[in-house]
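Here is how the chains run, residue by residue.
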Amino acid sequence: MTTNASQEMTQVQRAERQAAVVRALKPLLAPQALIWNAEETTPYECDGLTAYRQRPLVVALPETEAQVQAVLRACHALDVPVVARGAGTGLSGGAMPHTLGVTLSLAKFNRILSMDAASRTARVQCGVRNLAISEAAAPLGLYYAPDPSSQIACTIGGNVAENSGGVHCLKYGLTLHNVIKVRGFTAQGEAVEFGSDALDGAGLDLLGVVIGSEGMLAVTLEVTVKLTPKPQLARCIMASFDDVRKAGDAVAAVIAAGIIPAGLEMMDKPMTAAVEDFVHAGYDLSAEAILLCESDGTPEEVEEEIGRMSAVLQSAGATALAVSRDEAERLRFWSGRKNAFPASGRISPDYMCMDSTIPRKRLADILLAIQQMEKKYALRCANVFHAGDGNLHPLILYDANKPGELQLAEDFGADILRLCVEVGGVLTGEHGVGIEKRDLMPEMFSEIDLNQQQRIKCAFDAQGLLNPGKVFPTLHRCAELGRMHVHAGQLAFPDLPRF
């Protein structure tokens, strides 16, 4: 059979499969809640990792839990993969659709169900924006602490999938530390609940398993989050350094002094220049690196901690210190950090945002190594860090319209991640593995480790229908792992479709 004939047959088979799925789902959803035409499904072809794209077979937009359950049951019966999608702001390709599967958009699940000031909790649907929780809790003097830079758009369901952090995660923790219960459905459409409203739940800690599982174990529909009292005062130090090693060492020195800042972020000179031109935050453009160190609490606590941090930063070699005088100036200091990604989009046609976590003491080593890699690959890289917990976000700048540059950016990113693992770090801090880092998983895990992880996947989803093709570099049949069902990963992405 010729190549053209093979491609034609594939298209015919896809059309037949699509027709079967549409027939099965049409009775379950409103007419406008089921789309399959190419022009209508194109907006769902990727998430924030735009280098790789492909259209889903069908997009379902349910409005009720009963509809979600019915769609999952129908897809399970047809052996059709399902990829749950929130706002699509993820940066690892975790919500990239399956070309032979259904994209399950949960955007309509956007209601805040209850706020309980006494227990300091909120019960929200999965499509509620991260920032909307804090906005709703503000009249109670509370807020939701994890604050990813995309918090204005990203949803709590996506935060659960990736265990998202943010600039204040050093003191207040990641999503894992701020969620007490998750409700949803398995791939079979079985209702499931993880965690408890109580301080502790009976049995295994499956809440800790599902948070950060990248949509591969269950579809999250409802989340109960912890709310934190708003601090009376917050102030931020902006510290300039004439050497990246001094800045990296200063981060370690702050933590070594027994100080846990509310936020501790680092930006190198290229990133500082990009964001200053974008938001005019007042950054020192002569500095090789700047640190943003925030303290919050009572006025007395903040004054004492700001004094201690200032002394540590000066001893570490800071060339200049500026302390926010009021709330407006504090927000201005942070505006640059919060806008690092859009600022990078203004100076490059494309960028690839990496995500890894390393020991704090190796921050400067990695930065200096990245500078050498820039010469090797002839590409620029601007760096921003959740420095307090060692979470790196190098942004590799490239132009996808230039032949070979995407491949260079991929190789550059892979080199950074391998080095991070080599110095004692991990492949991801908060963006997830998705499709971006799946082939690098053997750099960190042995085959035995990966097989054990896949056994957990099979225990929840024996047919492998939820978000297949993500995280694992080699997908096994569940029967090979002690189960009697075929893993649907055989339908996954052997070669990533690039844009």
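Residues numbered from 1 in each chain as written. Predicted model: local features only at pLDDT ≥ 70, side-chain atom pairs only at ≥ 80, totals over all residues. Heavy atoms only, no water.

## Considerations on the overall build of the chain
Okay, step 1: When you go through the chain residue by residue, the secondary structure sums to 15 helices and 19 strands.
Okay, step 2: Taken over the C-alpha trace, the chain has a radius of gyration of 23 Å; the compact-globule value for 499 residues is 23 Å, and the two agree within 12%.
Okay, step 3: With respect to the principal axes defined by its C-alpha atoms, the chain has extents near 70 × 55 × 40 Å.
Okay, step 4: Evaluated residue by residue, the chain yields a buried proportion of 54% over its 499 residues.
Okay, step 5: Taking the contacts inside the chain whose residues are at least 6 apart along the sequence as the reference set, 71% of them involve residues at least 24 apart.
Okay, step 6: Of the roughly 20,600 Å² of accessible surface on the chain, 52% is carried by carbon and sulfur atoms. (Helix = DSSP H or I, 4+ residues; strand = E, 2+ residues; numbered from the N terminus. Rg over C-alpha atoms; globule rule 2.2 N^0.38 Å. Buried < 20%, exposed > 50% of the residue type's maximum accessible area, 1.4 Å probe, protein only. Contact = heavy atoms within 4.5 Å. Areas by Shrake-Rupley, 256 points an atom, 1.4 Å probe, with all protein chains shown as cover.)

## Digging into the side chain of Glu405
Okay, step 1: Here Glu405 is to be found in helix H14 (residues 405–422).
Okay, step 2: Those residues in contact with Glu405 that sit more than four places away from it in its chain are Leu379, Tyr398 and Asp399.

## Points about the packing of helix H9 (residues 269–279) against helix H12 (residues 340–347)
Describing two packed helices takes the angle between their axes plus the distance from one axis to the other.
Okay, step 1: For the pair H9 and H12, interaxial distance at closest approach is 8 Å and the crossing angle is 90°. Relative to H12, the element H9 lies roughly perpendicular. For the pair H9 and H12, contact is made by Met271, Ala274, Val275, Asp277 and Phe278 and by Ala340, Pro342, Ala343, Ser344, Arg346 and Ile347, respectively.
Okay, step 2: In terms of residue class, the contact of H9 with H12 is built from 8 nonpolar, 1 polar and 2 charged. (Axes fitted to C-alpha atoms, helices over the stretch in contact; angles between N-to-C directions. Parallel < 35°, antiparallel > 145°, perpendicular 65-115°, else oblique. Nonpolar A, V, L, I, M, F, W, Y, C, P; charged D, E, K, R; others polar.)

## Focus on the sheet that holds strand S9 (residues 191–195)
Okay, step 1: The strand order across the open sheet formed by 5 strands is S5-S6-S10-S8-S9, and the pairing between neighbours is antiparallel. Of all strands in the sheet, those with a lone pairing partner are strand S5 (112–116) and S9, marking the two edges. Each strand of the sheet is rotated relative to its neighbour by a mean of 10°, with strand direction disregarded.
Okay, step 2: One ladder, built from 4 bridges, connects S5 with strand S6 (residues 121–125); its direction is antiparallel. When the sheet's bridge partners are listed, Asp116 is paired in S6 with Thr121.
Okay, step 3: Against the sheet, helix H3 (residues 65–78) engages strand S8 (179–185), S9 and strand S10 (219–226), with an angle of about 55° to S8. (Pairing = 2+ DSSP bridges.)

## Considerations on the confidence of the model for the chain
One rule of thumb: low pLDDT means the predicted coordinates there are not for detailed reading.
Okay, step 1: Confidence in the prediction for the chain averages 93 pLDDT; 94% of positions are at 70 or higher.
Okay, step 2: Below pLDDT 50 for its whole length, residues 1–7 participates in 1 contact with residues either more than four positions away or in separate chains.
Okay, step 3: Here residues 483–494 scores under 50 on pLDDT; set against residues more than four positions off or in separate chains, the count is 47 contacts. (pLDDT = per-residue confidence, 0-100.)

## Thoughts on the nonpolar core
Okay, step 1: If you look at the biggest cluster of nonpolar residues, it comprises 61 residues, and the most contacted ones within it are Phe241, Met266, Leu291, Leu313, Ile366, Ile396 and Phe412.
Okay, step 2: Ranked by the residues each element gives to this core, the list is headed by H14, at 9 residues.
Okay, step 3: Look past the residues within four positions of Phe412 in its chain and what remains in contact with it is Ile370, Met373, Glu374, Tyr377, Leu379, Cys381 and Ile396.
Okay, step 4: Ranked by size, the runner-up nonpolar core spans 30 residues in total, among them Ile35, Val71, Leu106 and Phe109. (Core = buried A, V, L, I, M, F, W, Y, C linked by side-chain atoms within 4.5 Å.)

## Examining the pattern of salt bridges
Okay, step 1: A complete count under the given rule lists 27 salt bridges for this structure.
Okay, step 2: Among the ionic pairs, Lys269 bridges to Glu288, the shortest N-O distance being 3.5 Å. Taken together, the residues span a long stretch of sequence, with Lys269 in helix H9 and Glu288 in the loop between H9 and strand S14 (289–297) at a distance of 19 residues.
Okay, step 3: With a relative accessible area of 33%, Lys269 lands in the partly exposed category.
Okay, step 4: The class for Glu288 is partly exposed, based on a relative accessible area of 31%.
Okay, step 5: Several salt bridges converge on common partners, so that one network encompasses Glu65, Arg123, Arg183 and Glu222. (Salt bridge = Lys/Arg side-chain N within 4 Å of Asp/Glu carboxyl O.)

## A few points about the packing of helix H8 (residues 244–256) against helix H10 (residues 299–315)
Okay, step 1: With their axes 9 Å apart at the nearest point, H8 and H10 run at an angle of 140° to one another. On the basis of their axis angle, the class for H8 and H10 is oblique. Crossing handedness for the pair H8 and H10: right-handed. Listed contacts from H10 to Ala250, Ala253 and Val254 of H8 are Met309, Val312 and Leu313.
Okay, step 2: Per-class residue counts for the contact of H8 with H10 are 6 nonpolar, no polar and no charged. (Left-handed = near helix turned anticlockwise from the far one by under 90°.)

## Concerning the environment of Gly158
Okay, step 1: One can find Gly158 in helix H5 (residues 156–162).
Okay, step 2: For Gly158, a relative accessible area of 30% translates into the label partly exposed.
Okay, step 3: As for Gly158 and Asn37, which are separated by 121 residues in sequence, their C-alpha atoms are 26 Å apart.

## Some points on the packing of aromatic side chains
Okay, step 1: All told, the structure shown has 4 aromatic pairs when counted by the stated rule.
Okay, step 2: Residues Phe194 and Phe460 carry aromatic rings whose centres are separated by 6.2 Å and whose planes lie at 40° to one another, so their mutual orientation is tilted. Taken together, the positions of Phe194 in strand S9 and Phe460 in helix H15 (residues 447–460) put the pair 266 residues apart, joining distant regions of the chain.
Okay, step 3: What makes Phe194 buried here is its relative accessible area of 3%.
Okay, step 4: Classification of Phe460 by relative accessible area gives buried; the value is 16%. (Phe/Tyr/Trp six-rings, centres within 6.5 Å; stacked < 30°, edge-to-face > 60°.)

## Quick look at unusual backbone geometry
Okay, step 1: Residues other than glycine seldom take positive phi values, yet His280 does so here, at roughly 55°.
Okay, step 2: Position of His280 relative to the elements: it lies in the loop between H9 and S14.
Okay, step 3: For His280, a relative accessible area of 53% puts it in the exposed group.

## Examining helix H13 (residues 363–377)
The α-helix winds at 3.6 residues per turn, so residues separated by three or four positions along the chain end up facing the same way.
Okay, step 1: The terminal C-alpha atoms of H13 lie 21 Å apart, and with 15 residues this matches the ideal 21 Å at 1.5 Å per residue to within 8%.
Okay, step 2: All of the buried residues along H13 are Leu363, Ala364, Ile366, Leu367, Ala369, Ile370, Met373 and Tyr377.
Okay, step 3: Residues of H13 that are buried in the fold lie against H8, strand S13 (263–268), strand S18 (380–386), strand S19 (391–398) and H14.
Okay, step 4: The positive-phi residue at the C-terminal boundary of H13 is Ala378, with phi of around 55°. (Expected span 1.5 Å × (residues − 1).)

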